[in-house]
Amino acid sequence: QVQLVESGGGRVQPGGSLRLSCVGSGNIPTYWHMYWFRQTPGKEREMVATIGSGRTTTYADSVKGRFTVSRGLGHSWNLQMNGLKEEDTAVYYCNLESRTVGTYGQNFWGAGTQVTVSS
């Protein structure tokens, strides 16, 4: 059993900042790869940023230089979002993929948090 809960979403003006958090509980795999995704109506789900248990990070071209993914205390992960644009408006989800033998490849999702960037 794995539970992921996102928080930190809200409404900001263009150029503003938000810090999203994903907190995990339950049987978190020892080795994992974490993803931040976002979904906007009419658009395909987009991978925003990733971080591995080895601290390797990747970013979508659209957010490079503006977003930073990091690991927090315990089973938690953060997404610092700076210089927000209206096009960043979406529901943001965290996803945890197991890289642990026995559950390798299994994915766990949070329910999402809404980010709205508007003037």
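On a predicted model such as this, the values are computed, not experimentally measured, just so you know.

Cut-offs applied
Counting of residues starts from 1 at the beginning of each chain's written sequence and follows it residue by residue. Local features in this predicted model are restricted to residues whose pLDDT is 70 or higher, and side-chain atom pairs enter the listing and the counts only when it is 80 or higher, whereas totals over whole chains, interfaces and linings include all residues. Note that water and hydrogens are dropped before the side-chain values are worked out from all heavy atoms of the structure. Only DSSP runs of H or I with at least four residues qualify as helices, and only runs of E with at least two residues qualify as strands; both kinds are numbered from the N terminus onward. Note on classification: 1.4 Å probe, protein chains only; a residue is buried when its accessible area is under 20% of the maximum for its type, exposed when over 50%, partly exposed between these limits. Following DSSP output, two strands are said to pair if at least two bridges run between them. Pairs of residues are marked as contacts when any of their non-hydrogen atoms sit within 4.5 Å. For helices, the axis comes from a line fit to the C-alpha atoms of the stretch in contact; other axes are also lines fit to C-alpha atoms, and the angle between any two N-to-C directions lies between 0 and 180 degrees.

(A) Structural view of unusual backbone geometry. Notably, Arg 55 is not glycine yet its phi reads approximately 75 degrees, a positive angle. By secondary structure assignment, the location of Arg 55 is in the loop between strand E5 (46-52) and strand E6 (57-59). What makes Arg 55 exposed here is its relative accessible area of 60%.

(B) Broad picture of the pairing of strand E7 (residues 67-71). Summarising the sheet, E7 and strand E8 (residues 76-81) pair through five bridges and their orientation is antiparallel. Counterpart to Phe 67 in the pairing with E8 is Met 81. Linking E7 back to E8 in an antiparallel pair, the connection comprises four residues, with Gly 74 at a positive phi of about 60 degrees.

(C) Up close: the environment of Gly 10. In this fold, Gly 10 is placed in strand E2 (residues 10-12). The class of Gly 10 is partly exposed, set by a relative accessible area of 23%. Along the sequence, Gly 10 and Thr 113 sit 103 residues apart, while their C-alpha atoms lie 8.1 Å from each other. Setting aside residues up to four positions removed in sequence, Gly 10 forms contacts with Leu 18, Gln 114, Val 115 and Thr 116.

(D) Up close: the sheet that holds E8. Strand order across the open sheet formed by four strands is E1-E3-E8-E7, with antiparallel pairing between neighbours. A strand with exactly one partner marks an edge of an open sheet, and here the two such strands are strand E1 (2-7) and E7. The mean angle between the axes of side-by-side strands here comes to 15 degrees, regardless of whether they run parallel or antiparallel. Sheet topology note: the E1/strand E3 (residues 18-26) ladder contains six bridges and is antiparallel. Across the sheet, residue Ser 7 finds its bridge partner in E3, namely Ser 21.

These figures come from the coordinates and say nothing about function on their own.
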